[in-house]
Amino acid sequence: MRNAGLRFWSGLLIAVAMSGCSIQPLKSAEESALPSGINVPIEYYKLGNGLKVVLAQDASAPTVTVGVYYRIGMRIEPRDRTGFAHLFEHLMFQGSTNLGKMEFIRLVEGNGGVVNGSTRFDFTNYFEIVPAHTLETILWAEADRMKGLAITQDNLANQQGVVKNEVNDNVLNQPYGGFPWLSMPQLANENWYNAHNFYGDLAHIDAATLEDARAFFDTYYSPGNAVLVVAGDFDATQARAWIGKYFAVLPARAQAARPDISEPPQTAEKRKSYVDPLAPRPGLAVAWHVPGRGTPEHYAFGLLDEILLQGEDSALWQKLVQQRGYSSSVAGGINLLGNMFNYDGPMLWTLYLVHDPNVAPDSILADIDAEIARIQNAPPTQAELDRALTKIRAELYDLAGSSDHFGLVDLLAAFALFDDDPTRINRIESEFRAVKPGMISEVARAYLQRSQRSVLILEPGRTQGGSQP
Amino acid sequence: MRRLFALALTLLAFIAVAENRELPPAPGKPRDFALPAAETMTLANGVSLTFIDYGSVPLVTVLAVVRTGNIDEGESTWLADVAVEMLKEGTTTRPAGNIARAAAGMGGSLSVAAGAEQTSVGISVLSEHAAAAADLVADVLRNPRFPESELPRVLANFERNLSVARSEPDSVAGEALAKLVYGDHPFGRALPAAGQLGTYDIASVRGFYERNFGARRTHVYVAGRYDRATLETALRRAFGDWREGAPPTDLPPKASDVLQLRLIDRPGAPQSSLRIAVPVPDPASALYFPTTLTNSLLGGTFTSRITTNLREDKGYSYSPSSSISAHRGDALWIMNAEITGEHTAAALTEIFREIERLQREPPAAGELDAIKRYRAGLFVIRNSSPEGVLGQLAFMDLHGLPPEFLTRWVANMYAVTPQQVTDIAQRFILPAHMTIVIVGDLKTIADSVRALPQLREAQMP
């Protein structure tokens, strides 16, 4: 099953790594006390044109990661142009003020770096991981396309073809294509901005014009609607000077009004079945709406997610996979296209699995209900809570210490773009630790009612494994 | 309609395009890069230990790599996968749920995976739990309980996964390609036959384990930050008295080098899944280096010739790419592309055209230099992480490569000449030796593919 999301290219392999931001003395098991958590050194400021800038130095490897995040995602796109936010992401590689088609990518790869972009609910990002000595070149190139694009009708037609192939690769020619990351938001949400087809109607993708692209760029790709994050090995004074030289000269532009993307409270269970003609086994997905991002309830829900759904030690894995044997895995979480921090608006907590036809969806739902009821009726045990916090602590170290800096750049960008405060990254662990066990039960009672859930049933359209070649 | 507009070639700039285009500022001076140090030792029973001390957050990875996998399963396809999955079902002292909870309590999750020739059991944890992680990995490897009660559930999971795999174009194409390239070798059987999984019982699982797991096949890598003395003591205690077991299996496959074409029908599919394989020098060969560079230039990067042609010029495909896939004593150049159905034959023609162009004329020095800088940059990114180095070392150990493979990597790569790249294309990337599989809507694509001049002599197995 592919949870591919939408991105410029699937070919990029990021080296997964650990090397660090916050150097901590090692302790043996006996002396280890309560952890102080991560402490990423962060410099945050804004240019006169409104561009937010985040710098995070880490000289442990001679590489630097540059991310430019625009506050426009697939939620807010024109109603007759579904999929446009993603198509536009592709157009950002088709030529700009001083760089022709392919020249941006040649500049990055030819200097020893990797580049990609992706479109998510509330942002579109562009990032490069490059040798440290090429930082100025990359800043110049990102500023060049923030300044303006130069796209031909040929290039637009070319990328319409590429994007339609991407939709076929990931959705239309795949069993379980878009299940449930594309299909669930359309069932669980009421507001069109949250409930439309994010990959886009192929007819809408075909209908896109250069004029649409110009309007989209003018509306959403302004310096005041973006954040630039630089993380890795660089000299801060020099980086600030380059950012001033290449980005501060871009004129400020008016900000677009933001539409109302709120969701009404859900008061009755929703159920939908659909046939996937390519799938050989049934699928089941269930989703609930999560508490507002950044609230204490949201952090409590994050712990609830760890306890119920994350990892093979989680309650639902143990019940559905290990004990019942419904499937080889149960997957999901808050925000299937990211994490509990990198979005800005209504969000779903989704869990899903593929099972056998001899198991009725309602018996799986009954087991899920029982695990949820356990937490609703009594707070999690201290052991469960400790494990959840330990998993979070290790994830944060991994994020802060990864030498590709990509996860770090992503969180810094989200906290700058949506909260105007990237230093929140250093308080994640303390926010989780402030959650009392009783609050986890309260949140489970308030947000995980049966009347608040949406149930998506995928029926297999393919009777068996199919013809053997 | 779209085509009409395209012919008009409108240039609509959102801003005025610069009259005299500004050039990008030149990069500065490359910084020094030192590979993280690795130290290896071998215990009396044959277990190798490698320590990589690198990184600055308090995390450590303990990864045991055992030289077994599908290569050892004979005709019992996926028996290796089933046996390795069963390792997670508990040890003589820990039920399955305890393993998962113990791993989570250290900040990690146990990852267990069977591969073609290397099977891994590993975990990344908070540094303070390094010794306990070593104990857990050793316990899972050495003391599996193989509970018969859990086998039906595990087999049902594999049966379900198999059924899903048979519905995915990628798996269907991969299975056919493996069969055509490797024939009766275990690597030629990518998916089990119908009903085959049901014939495995706990005795076959235990038998596979007993035959193939032991000290002489095991190499434990640790990477990250940890207390060296404590961890080394724990590893020696945990692995030092394990039975020696058999040496690694020496069974390199012989890849097909005759032109074969297999078309598999997926009625109504909007795309064709194209796979091409041809034998190339393996990692132990002196020619491996120029071969990987040839691949990077031909189809291995976004700016490579085939990728640029099929995607950015023609719009036929989203992510066409090529790679080198290696076993011990064997390597293939593999081309993958998912292509809009109607352009299947045209895309194949473009791939052949790019290969023939490279065979005809060496690349310009500038083009090759850009590819070399890309590869050098990736080398630094990959080896800036302890886990990246760990992966490289496991690769070198499988292929019997000396330390110089890594330490002289950048120098060796920069030494490759344009003529060497063309020589590789002429000697190895030969259409007449290729195995080609296409999964797609045959009624719309088969005739035009079969009519391609390069495929006229193809066997149609």
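Note that the coordinates shown come from a computational prediction; the quantities given were computed from them, not determined experimentally.

Colleague: Describe the overall build of chain B, naming the residues involved and giving the relevant values.
Modeller: Counting secondary structure elements, chain B contains 17 helices and twelve strands. Its C-alpha radius of gyration of 25 Å places chain B within 12% of the 23 Å reference for a compact globule of 461 residues. In terms of overall dimensions, chain B has a C-alpha envelope of 75 × 60 × 45 Å along the principal axes. Looking at the 461 residues of chain B, the share that counts as buried comes to 52%. If you take every contact in chain B between residues at least 6 apart in sequence, the share linking residues at least 24 apart comes to 80%.

Colleague: Provide a residue-level description of the sheet that holds strand β8 (residues 260-265) of chain B, including the pertinent values.
Modeller: All names here are of chain B. The five strands lie next to each other as β8-β12-β9-β11-β10, forming an open sheet whose pairing is mixed. Each edge of the open sheet is held by one strand with a lone partner, namely β8 and β10 (321-327). Direction aside, the axes of adjacent strands within the sheet are offset by 20° on average. Bridge count for strand β9 (residues 271-279) against strand β12 (residues 435-440) is five bridges, and the pairing is antiparallel. Bridging across to β12, Leu 274 finds its partner in Ile 438. The strands that helix α9 (residues 288-300) touches are β10 and β11 (330-340); relative to β10, the one it contacts most, it runs at about 150°.

Colleague: So what's going on with the interface of chain B and chain A? Which residues, and what values?
Modeller: Contacts between the two partners involve 93 residues from chain B and, on the opposite side, 97 residues from chain A. Classifying every residue of the side of chain B that touches chain A by side-chain character gives 43 nonpolar, 30 polar and 20 charged.

Colleague: Just give me the short version of the confidence of the model for chain A, but keep the residues and values in it.
Modeller: Residue and element names in this part refer to chain A. Per-residue confidence for chain A averages 90 on the pLDDT scale, and 91% of its residues sit at or above 70. The low-confidence segment residues 11-35, where pLDDT is below 50, has 75 contacts with residues more than four positions distant or belonging to other chains. In the predicted structure, residues 465-469 sits below a pLDDT of 50 and forms 13 contacts with residues beyond four places in sequence or in another chain.

Colleague: Before we move on, could you go through the domain arrangement of chain A and cite the residues and values that matter?
Modeller: All names here are of chain A. For chain A, the assigned domains read domain 1 (39-246) and domain 2 (270-404 + 420-460). Distance from the C-alpha centre of domain 1 to the C-alpha centre of domain 2: 29 Å. Across the boundary between the two partners, domain 1 contributes 27 residues, which contact 31 residues of domain 2. Of all the secondary structure elements, the ones that give two or more residues to the side of domain 1 that touches domain 2 are β4 (63-70) and α5 (183-188). For the side of domain 1 that touches domain 2, the residue count by class is 16 nonpolar, eight polar and three charged.

Colleague: Outline the sheet that holds strand β5 (residues 111-113) of chain B, supporting the account with residue identities and numerical values.
Modeller: Residues and elements named next belong to chain B. Taken together, six strands build an open sheet; the order of strands is β2-β3-β7-β4-β6-β5 and the sheet is mixed. Sheet topology places β2 (38-42) and β5 at the edges, where each strand pairs with a single neighbour. Between one strand axis and the next, the sheet turns through 15° on average, direction left out of account. As paired strands, β5 and strand β6 (residues 119-126) are joined by three bridges and run antiparallel to one another. For Ser 111, the partnering residue across the bridge sits in β6 and is Gly 122.

Colleague: I'd like to hear about the packing of helix α10 (residues 296-308) of chain A against helix α16 (residues 437-447) of chain A, residue by residue, with values.
Modeller: Residues and elements named next belong to chain A. For the pair α10 and α16, the least separation of the axes is 9 Å and the interaxial angle reads 95°. In terms of orientation, α10 lies roughly perpendicular with respect to α16. On α16, the residues touching Glu 297, Ala 300, Phe 301, Leu 303 and Leu 304 of α10 are Met 439, Ile 440, Val 443, Ala 444 and Tyr 447. For the contact of α10 with α16, a count of residues per class yields nine nonpolar, no polar and one charged.

Colleague: How would you summarise the nonpolar core if you had to cite specific residues and measurements?
Modeller: Of all hydrophobic cores here, the largest spans 273 residues; its most connected members are Leu 228, Leu 304 and Leu 412 of chain A together with Ala 134 and Val 137 of chain B. If we ignore the near neighbours within four places in the chain, the residues touching Leu 228 of chain A are Leu 51, Val 53, Val 68, Ile 243 and Phe 247 of chain A.

Colleague: So what's going on with the domain arrangement of chain B? Which residues, and what values?
Modeller: All names here are of chain B. Here chain B is partitioned into domain 1 (40-239) and domain 2 (260-455). The distance between the C-alpha centroids of domain 1 and domain 2 comes to 30 Å. Those elements that place two or more of their residues in the side of domain 1 that touches domain 2 are β3 (48-53), β4 (59-66), α6 (169-182) and β7 (218-224). Top element by residues in the side of domain 1 that touches domain 2 is α6. It accounts for nine residues. Looking at the side of domain 1 that touches domain 2, its residues break down into 15 nonpolar, seven polar and two charged.

Colleague: Pulling in residues and values, what's your account of the pairing of strand β12 (residues 348-354) of chain A?
Modeller: Residues and elements named next belong to chain A. For β12, the tally of buried residues reaches seven of seven residues, placing the bulk of the element in the interior. Every second residue of β12 is oriented toward a common face, with Leu 348, Thr 350, Tyr 352 and Val 354 on one face and Trp 349, Leu 351 and Leu 353 on the other, all of them buried. With seven bridges connecting them, strand β10 (residues 283-289) and β12 associate as antiparallel partners. Bridge pairing links Ala 285 to Tyr 352 in β12. Inspection of the sheet shows strand β11 (residues 331-334) paired to β12 by four bridges, in the antiparallel sense. Residue pairing for β12: Ile 334 is matched across the bridge by Trp 349.

Colleague: Describe helix α2 (residues 103-110) of chain A, naming the residues involved and giving the relevant values.
Modeller: Counting buried positions along α2 of chain A gives six out of eight residues, so the element sits mostly inside the fold. Among all positions of α2 of chain A, only Phe 104, Ile 105, Leu 107, Val 108, Glu 109 and Gly 110 of chain A are buried. Buried positions along α2 of chain A lie against β5 (114-119), β6 (124-131) and α3 (135-147) of chain A together with α12 (365-383) of chain B. Gly 112 of chain A sits one or two positions beyond α2 of chain A and adopts a positive phi of about 90°.

Colleague: Tell me about the packing of α3 of chain A against helix α9 (residues 236-246) of chain A, and please be specific about residues and values.
Modeller: All names here are of chain A. Between α3 and α9, the shortest axis-to-axis distance is 9 Å and the interhelical angle comes to 25°. Relative to α9, the element α3 is oriented roughly parallel. By crossing handedness, the relation of α3 to α9 is classed as right-handed. Along its contact with α3, which presents Leu 135, Glu 136, Leu 139, Trp 140 and Ala 143, the element α9 presents Ala 239, Trp 242, Ile 243 and Tyr 246. Grouping the amino acids of the contact of α3 with α9 by side-chain chemistry returns eight nonpolar, no polar and one charged.

Colleague: Could you give an account of the environment of Thr 42 of chain B, with specific residues and numbers?
Modeller: Considering the arrangement of structural elements, one finds Thr 42 of chain B in strand β2. Through-space distance from the C-alpha of Thr 42 of chain B to that of Val 220 of chain B is 10.0 Å; in sequence the pair is 178 residues apart.

The rules behind these values
- Residues numbered from 1 in each chain as written.
- Chains lettered and ligands numbered in written order.
- Predicted model: local features only at pLDDT ≥ 70, side-chain atom pairs only at ≥ 80, totals over all residues.
- Helix = DSSP H or I, 4+ residues; strand = E, 2+ residues; numbered from the N terminus.
- Rg over C-alpha atoms; globule rule 2.2 N^0.38 Å.
- Buried ≥ 20, exposed ≤ 12 C-beta atoms within 10 Å, placed from the backbone.
- Contact = placed C-beta atoms within 7 Å.
- Pairing = 2+ DSSP bridges.
- Axes fitted to C-alpha atoms, helices over the stretch in contact; angles between N-to-C directions.
- Nonpolar A, V, L, I, M, F, W, Y, C, P; charged D, E, K, R; others polar.
- pLDDT = per-residue confidence, 0-100.
- Domains from an automatic or database assignment.
- Parallel < 35°, antiparallel > 145°, perpendicular 65-115°, else oblique.
- Core = buried A, V, L, I, M, F, W, Y, C linked by C-beta atoms within 7 Å.
- Left-handed = near helix turned anticlockwise from the far one by under 90°.

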